[in-house]
Each structure stands twice: as C-alpha cells, then as structure tokens.
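# Structure at a glance
For reference, the chains in residue letters:
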Amino acid sequence: MIVYIALGLVAFSLLGIIGLFIYFQSVKNKYKKNSALFQKDQMVVGKKTSISDITDRIYQAFYIISVSTPVLKYYARRTRLKLEMVNDYTEYEIRRKTGNIMLSSVIFVFAGLFIFLNVTNDLYMQLITIIAVVIVNEMMINFRVGGVADKILRQLPEVFTEIRHSFHEHGMIEEAFNDAIDELEDKEIMPQVRRIKEAITSEDPEVQLERYYDTAPNRFLKLFAGVSYLTMELGDRKVDGTSVYLKNLNNIVNDVYLEVLKRDKINYMFRSLTAIAVAPILFTNIIQNWAESNFSALINFYSSSFGFIIKSLILVSIFICYYLLRLIREDSEQIKFDRIVTKKWQERAYQIPIVRRIVDGLIPAEYTTKRKKQTEMIKNTNAFLTLEWLYVNKVTAAVVAFVATLILILNMHYIDFNGVFNQISEEFLKLGKLSEADEQAAKMMAEEDAEYVNMYRGDSKITKEQIKTDIEAKGNTISDEQIERIYNKVQSVQGIYLKFWELLIALFVGFIVYFMPNLLLFMRNKMREMEKENEIMQFQSIILMLMYIERIDVQTMLEWLERYSYAFKDAIATALNNYEAGATEALEELKDRIPNKDFKRIVEGLISSVERIPIREAFDELETERTFYYEKRKEGNERLVQKKVSMGKAIGFTPMIILIAGYFVGPLMLVSIMQMSTYFTQMRGM
C-alpha cells in the first residue's frame, strides 16, 4: 500500500512538473512575441549565456506569468509597487526583481505544501500546514520588500542634516540636493532624493512631482519634495532671522522622529502579539499527546467530533486574529496597495447575470438610511470598493462559509463513524495513564464489538434480545453489558447521517459570515477614527510649513491637505472640486461635513483667509502654540499606540485562551465531573 501511495505521489509530481513546464513555455513564447519588450530586454542581457543572465531570463518570464495568473497577480503587482516606491530601478530591473521574489515565493509554497501535506494524513495537521505556509510566505515577502521603506524613513534626518548644511553655505536648493547625493550615495534613501531633485528641476515639475507623490514611500518625503519645490519656485524668506525652508525641514524632522517612535512601539508590541496569536498552531498536538498519555479519560474526547470542532475553532480563530492584528497594525499609508489591481474579481463576478440579480436584490434601495450608512462607511475607510463589490464579498463569504460548514459536518460524521469502531470503552478510561494491558484489552474489545456492529448496522429494527439470541445461537456467550454496548454502538452508527437541523446550522453560519465584510469595514473605520486626531495634527504641521511661503493661497493649501490626507481625503477632494464655484460655500460645506472641533478650527481659518485676512494671520495661534501642539501630538501618538496595543492584546490572546480553556482545562474538568458522577452512582448501587 505504501509503495502504491509513493508511486502515485511521484506520478502526480511528474505530471505537475510537466504541466508547469508546458505553461512556462507558453508564457515564454508570449513574452518573446511581445517584440518591443523582448528587444528592450535583449539590449540589457545581450546574447550572453552566463548563469546570471539565464536566471534573469527566467525571472523576466516568471514576471509575465505572475502578472497574468489570477492569484499571483495581486501579490506580483503589490510587490512591484513596493519595489518602485523604495528603489530607483529601471523597468527591466523592476520586473527581474519582482520575478525573483515571486518565483522564490511560489517555490517555497509548493515545496512546503508538498512536503508537509505528504508527511501527515491528518486533516487538521494539513490545515495547519496550509495556514502556516501562507503566513510564513507573506512574512518573507514583506521582509524582503518592506525593510527598505523602514530604512528610508530612518535615514531622512541624516539627509536633512546634509541639505541644511549645504543650504546654509550656498542658499540654493539644487546645490543642496547635489551635495546630499554626493555625501550619502550608498544609502537606501538616495534614489528618493535623486528622484525628487530630477522632478523639481525638470521642464514640467508639477507633473513630475505628482508622479512622484503616487509612489513615494512615505508622506514625509512628499512633504519634503513639495516644500523644496515651492521654495525653489517662490524663493526663501527669513522669519525672525531664520530661513523658512530650514524651519520647515526642522518641522518635518520632528514629525519623522515622532513617527519612528510610534512605529517602533507598535512593531515591538505587535511582533510578540502576532507570535502569541499563531503559537497555538504548534501546541495543539503537543497538548493532545501529553493529555492522552497522562489522562486516558481524554482519549475519546480528542478523537471525537467535538474535539474536532474545538480544533477547527482554534484554526479559524488563528486565521481571523492574524488578519485582525494586521488590520490594527496597518498604517494609513498602506491603503494605497488596495488599488494595485485595475479590475478586481468582484467586478468580474458582478458581470455574471445571476450574481448581478442576487446582489441587486440585496443592495438597499436608493435614498434609504441603510444605503447611506454603508456608502459613508466605504468612503470613511478610503477603501477601494463599491457598494456592489461589498455585496459580492458578502454573498461570496456566505456561500463559502455554508459549504465549509457542510464539509466540517460531514467530516464530523466520518469521525463519529470511526469512533464507534475505535473508541476505547468507558470502563477502561480513568484519570491516570492507561496501562499497556488495559490498552490491549480495550483494543480487543473494540475489535470484537466492531464485528457485531457491522453485522447489525443495516437493520433499523434490531433489538437487544435479537442480538443476544443471534450470538447465543452460534454457541457464543455474551454478557448483558456487552449486549448493551453493542446495541448502543449500532444505534450510534444508524444515527450518523446529514440531518435537517445540521443544514440549518450551516445556513445560520453562512448568515452570520454574510455580515463579516461589514464588520471588517467597521473595524477599519474604527482604526481610521483613531488616526483622525493624529492626521489633524499633521494638518497643523503642514499649515505651519506653508503659512510663511509667499503667494500661497487657500486653494493651494487645500490641495496640500488633500494630498497628505487619508481619513478626510474624500471630504477635502469634494471641497476642492466645488472651490471654483464658490470658495466660502465649499469650505462651509466641508466644515459641516466633518464634526471634529480641531478640524473645524482649521477650516474656519481657511474661510477667514478667503474673506478677510492673510493665511499667516489666520493661523498665527499655531505658531504661538507650536510647543503645545507638538506635545499634544506626542500624547496623541501615545494614546493611539495604547489603543492599538489594547485591542491587539484582546485579539492576540484569543486563540491561546481557546486552546487552554477549550482544548485542555474544559474537557479535563468535564470528564472528571462525569467520572465522579459515575463513581457515585456505582457506590450508591453497592
């Protein structure tokens, strides 16, 4: 049997390799037929045949595979965008690096799944393997790509120091950039500084800057680029004997330090919380093996369908909690990665007639309160989502949950069926360790009972008397306890089938999961609400930087606020669109739309600048209270971190609590109480 299984695995692997080779060749031919792309790459690679050039061609071909394969293309485009943001690669290098990362990722996933899924035949361990491989693979991709972005953020103060010294000496932006590039050429941030310099000195700097804003690794580089361009175009000026440009660089540096401290605290806390949330994957079987070897009364529990339910609950909780921890830890700037796919699968699904009819029937009618709330929630989270796509998600989640629940129920029936034949009889179970003699006796009893259960399981009218008569007619003796045990097992086997109420349970689970996309949107909205105060304080920093620049107007100020906003982006964009039709009316509408006291004060200052006084006078209180706002922002960051950590702890420890309480302590207490009740009953009988 083992030989046949091994041969089958080998044959399956060979077929898979042949299939991948054929697919690879077809995509490679498609790559060659793209003459413009192929010729450009040939100019880079030439006709060399070294190992590195051969691997380069493989990476280029696999890049084409990745961006054209349904699941891979999301990760490929996400990886490409991150690489574009943090590096100054050419198109060829971007595709080669992305292909390298994606090929390594795919090899790791397939190798991990192939090895570990063939090592075990246990469904639970196979599910653990799938979840573990997916999580580790995602962490590997983030580590390979995301580390550079963190280095860039931390190197910003060093760049500003070099630019400040050079600007003091020359008084020219372009010279300051050149000196900084020469001094810090080997740093990861240098491609960013070079791109900013090329953008602000180009023939069409505004267009080039907008392109840079779309791929900038963080908002501080966007601020730096914008302030440098305005100073270069409009000139620098002195306020209280200090250069406005250098003063703005100091403000950005202070914001960078606050952001670094905030990220360090969140990363430190969530690194351990993520490990705690995922740890039950490793300890489930360890706890089970230890408990079964020391408390034999738990053997039947762990091999029963109820034990399988607890295991499944642990797995589901790990997956959900890992996702929620990512959601809580996520920075606002990560939202941009939701927009990497031009046409999402929800849109394709919505084009299917039957799906469209179902979704249109579920979407709330126009002008209803429910529709307005859901639309506002999508806008507030700044999610790349439409109301139709949201309901496609909800319907898909409900269907998947219904099918998954049915599969779990059928697997529970399979476990119960096997348990009837293999479970140890209660008379052998006790709180201590099961002896070898008891184990052998229990196994022989189970085998003997299985023979009779197989004989009678098809007879729905079987009685205890008939069992006794049939067995004694064959010349065998049987005790009343054995007859009772066999009869109960026959009844258990006959009761194993898909019942109507189990279908109702599956429907109920699907109904609950139907609302999960709304719950995730609600949580993401809560995260944005927590960051709104921090964003408003960032607005104050931006106003402090812009208010001293000559010829700055309210519309330009709004454009800057919209560019660096996430939580208020939609509201500010609407005000900008309506600005030409009436500046005061557009700002009044913006003030009424955002019910935040500090934000309203900012908008009131903008309204005053439109109607009566200059921008500098409208926001002079920000300058006088600069130290207060800086301390307030530090305190706001502390509160934000504390809130995120508190929520993270509640979520991160949930799988561990389910593991300890539901998979060990609870079953042990329940079995102990049941055995104590049995002992008391026997004592009363004596």
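All of these numbers come straight from a predicted model, not from anything done at the bench.

Looking now at the overall build of the protein. Secondary structure assignment for the protein yields 31 helices and two strands. In the protein, which comprises 686 residues, the proportion classed as buried is 45%. Pairs at least 24 apart in sequence give 74% of the contacts found in the protein among residues at least 6 apart. As displayed, the protein has an accessible area near 36500 Å², and 61% of this comes from carbon and sulfur atoms.

Another point: the packing of helix H12 (residues 280-294) against helix H14 (residues 305-329). Look at H12 against H14: their axes get within 10 Å of each other, and the N-to-C directions meet at 165 degrees. Between H12 and H14, the angle is such that the two are roughly antiparallel. Considering the relative orientation of H12 and H14, their crossing is right-handed. Of H14, the residues touching H12 (which contributes Pro 280, Ile 281, Thr 284, Asn 285 and Gln 288) are Lys 311, Ile 314 and Ile 318.

Here we take up the packing of aromatic side chains. Throughout the structure, instances matching the rule amount to ten aromatic pairs. Between the aromatic rings of Phe 160 and Phe 224, the centroid separation amounts to 4.8 Å while the plane-to-plane angle is 55 degrees, which identifies the pairing as tilted. Of this pair, Phe 160 sits in helix H6 (residues 123-170) while Phe 224 sits in helix H10 (residues 219-234), placing them 64 residues apart in sequence. A residue is classified by how much of its surface remains accessible, and Phe 224, at 0% relative accessible area, is buried. Between Phe 167 and Tyr 245, the aromatic rings sit 5.0 Å apart at their centres with planes inclined by 55 degrees, giving tilted as the arrangement. Residue Phe 167 is located in helix H6, and its partner Tyr 245 is located in helix H11 (residues 244-278); the two are separated by 78 residues in the primary sequence. Each member of the pair, Phe 167 as well as Tyr 245, is classed as buried. By way of ring pairs, the aromatic residues Phe 160, Phe 177 and Phe 224 are connected into one cluster. Seen from the ring of Tyr 497, Lys 499 lies directly overhead, with NZ or CZ sitting 4.7 Å from the centre. Positioned above the aromatic ring of Trp 560, the side-chain terminus of Arg 563 is 5.6 Å from the ring centre.

Further remarks concern the side chain of Gln 155. Assignment of secondary structure puts Gln 155 in helix H6. Residue classification places Gln 155 among the buried positions, given a relative accessible area of 11%.

This paragraph deals with a nonpolar patch on the surface. Where nonpolar side chains cluster on the molecular surface, the patch consists of Leu 410, Leu 498, Phe 500, Trp 501, Leu 503, Leu 504, Ile 505 and Leu 507 and spans about 770 Å² of accessible area. When residues of the nonpolar patch are assigned to their parent elements, the largest contribution, six residues, is made by helix H22 (residues 500-513).

Within the largest apolar cluster, 79 residues are counted, with the highest numbers of intra-cluster contacts made by Ile 163, Phe 177, Phe 224, Tyr 245, Leu 590, Phe 599 and Phe 619. Residue contacts for Phe 177: discarding those within four places in its chain leaves Ile 163, Val 193, Ile 196, Lys 197, Ile 200, Phe 224, Ser 228 and Tyr 245. Judged by nonpolar contacts, the second largest core, of 21 residues, contains Ile 310, Leu 315, Ile 658 and Val 671.

Attention now goes to the pattern of salt bridges. Enumeration over the complete set of coordinates arrives at twelve salt bridges. Across the pair Asp 264 and Arg 154 runs a salt bridge whose closest N-O atoms are separated by 2.3 Å. Note that Asp 264 is positioned in helix H11 and Arg 154 in helix H6, a separation of 110 residues in sequence. Taking the relative accessible area as the measure of exposure, Arg 154 reaches 38% and is therefore partly exposed. Here Glu 259 makes a salt bridge to Arg 263, at a shortest N to O gap of 2.9 Å. Of this pair, Glu 259 and Arg 263 both sit in helix H11, separated by four residues, roughly a single helical turn. In this structure Glu 259 comes out as buried when scored by relative accessible area, which is 2%. Judged by its relative accessible area of 21%, Arg 263 falls in the partly exposed class.

Attention now goes to helix H24 (residues 554-563). The element H24 is largely enclosed, with a buried count of seven among its ten residues. Of all the positions in H24, only Val 554, Met 557, Leu 558, Trp 560, Leu 561, Glu 562 and Arg 563 are classed as buried.

Okay, the packing of H11 against H14 next. It is the contact of H11 with H14, at a shortest axis distance of 9 Å, that shows an interaxial angle of 170 degrees. Taken as axis vectors, H11 and H14 run roughly antiparallel relative to one another. In this structure, H11 contributes Ile 266, Asn 267, Phe 270, Leu 273, Thr 274, Ala 277 and Val 278 to the contact, and H14 contributes Ile 318, Tyr 322, Leu 325, Ile 328 and Arg 329. Per-class residue counts for the contact of H11 with H14 are nine nonpolar, two polar and one charged.

It is worth spelling out the side chain of Lys 197 at this point. Mapped onto the elements, Lys 197 comes out in helix H8 (residues 190-200). In this structure the side chain of Lys 197 is engaged in a polar contact, spanning 3.1 Å, whose partner is the side chain of Asn 178. Setting aside chain neighbours within four positions, we find Lys 197 in contact with Glu 174, Phe 177, Asn 178 and Ile 181.

Note that Asn 525 resides in helix H23 (residues 516-546). Residues Asn 525 and Ile 378, spaced 147 residues apart in sequence, show a C-alpha to C-alpha distance of 8.3 Å. Once residues within four sequence positions are removed from consideration, Asn 525 is found in contact with Met 377, Asn 380 and Thr 381.

When you line up the elements, Asp 56 lands in helix H3 (residues 51-68). With a relative accessible area of 14%, Asp 56 lands in the buried category. Remark: the alpha-carbon pair of Asp 56 and Tyr 92, spanning 36 residues in sequence, is separated by 9.6 Å. Other than its neighbours up to four places away in sequence, Asp 56 contacts Tyr 92 and Arg 96.

When pLDDT is averaged across the protein, the result is 77; 80% of the residues are at 70 or more. Put simply, helix H2 (residues 35-45) is where the protein has its lowest mean pLDDT, 49, and H22 is where it has its highest, 91. Segment residues 42-49 is flagged for pLDDT under 50; beyond a separation of four residues in sequence, or across chains, it makes eleven contacts in the model. A low-confidence stretch, residues 337-342 (pLDDT under 50), is modelled with 18 contacts involving residues beyond four sequence positions or located in other chains.

Parameters at a glance
- Residues numbered from 1 in each chain as written.
- Predicted model: local features only at pLDDT ≥ 70, side-chain atom pairs only at ≥ 80, totals over all residues.
- Heavy atoms only, no water.
- Helix = DSSP H or I, 4+ residues; strand = E, 2+ residues; numbered from the N terminus.
- Buried < 20%, exposed > 50% of the residue type's maximum accessible area, 1.4 Å probe, protein only.
- Contact = heavy atoms within 4.5 Å.
- Areas by Shrake-Rupley, 256 points an atom, 1.4 Å probe, with all protein chains shown as cover.
- Axes fitted to C-alpha atoms, helices over the stretch in contact; angles between N-to-C directions.
- Parallel < 35°, antiparallel > 145°, perpendicular 65-115°, else oblique.
- Left-handed = near helix turned anticlockwise from the far one by under 90°.
- Phe/Tyr/Trp six-rings, centres within 6.5 Å; stacked < 30°, edge-to-face > 60°.
- Lys NZ or Arg CZ within 6 Å of the ring centre and 35° of its normal.
- Patch = residues over 30% accessible without salt bridge, like charges linked within 9 Å, V, L, I, M, F, W, Y side chains within 5 Å.
- Salt bridge = Lys/Arg side-chain N within 4 Å of Asp/Glu carboxyl O.
- Core = buried A, V, L, I, M, F, W, Y, C linked by side-chain atoms within 4.5 Å.
- Nonpolar A, V, L, I, M, F, W, Y, C, P; charged D, E, K, R; others polar.
- Polar contact = N/O pair within 3.5 Å; in protein donor to acceptor, adjacent residues only side chain to side chain.
- pLDDT = per-residue confidence, 0-100.

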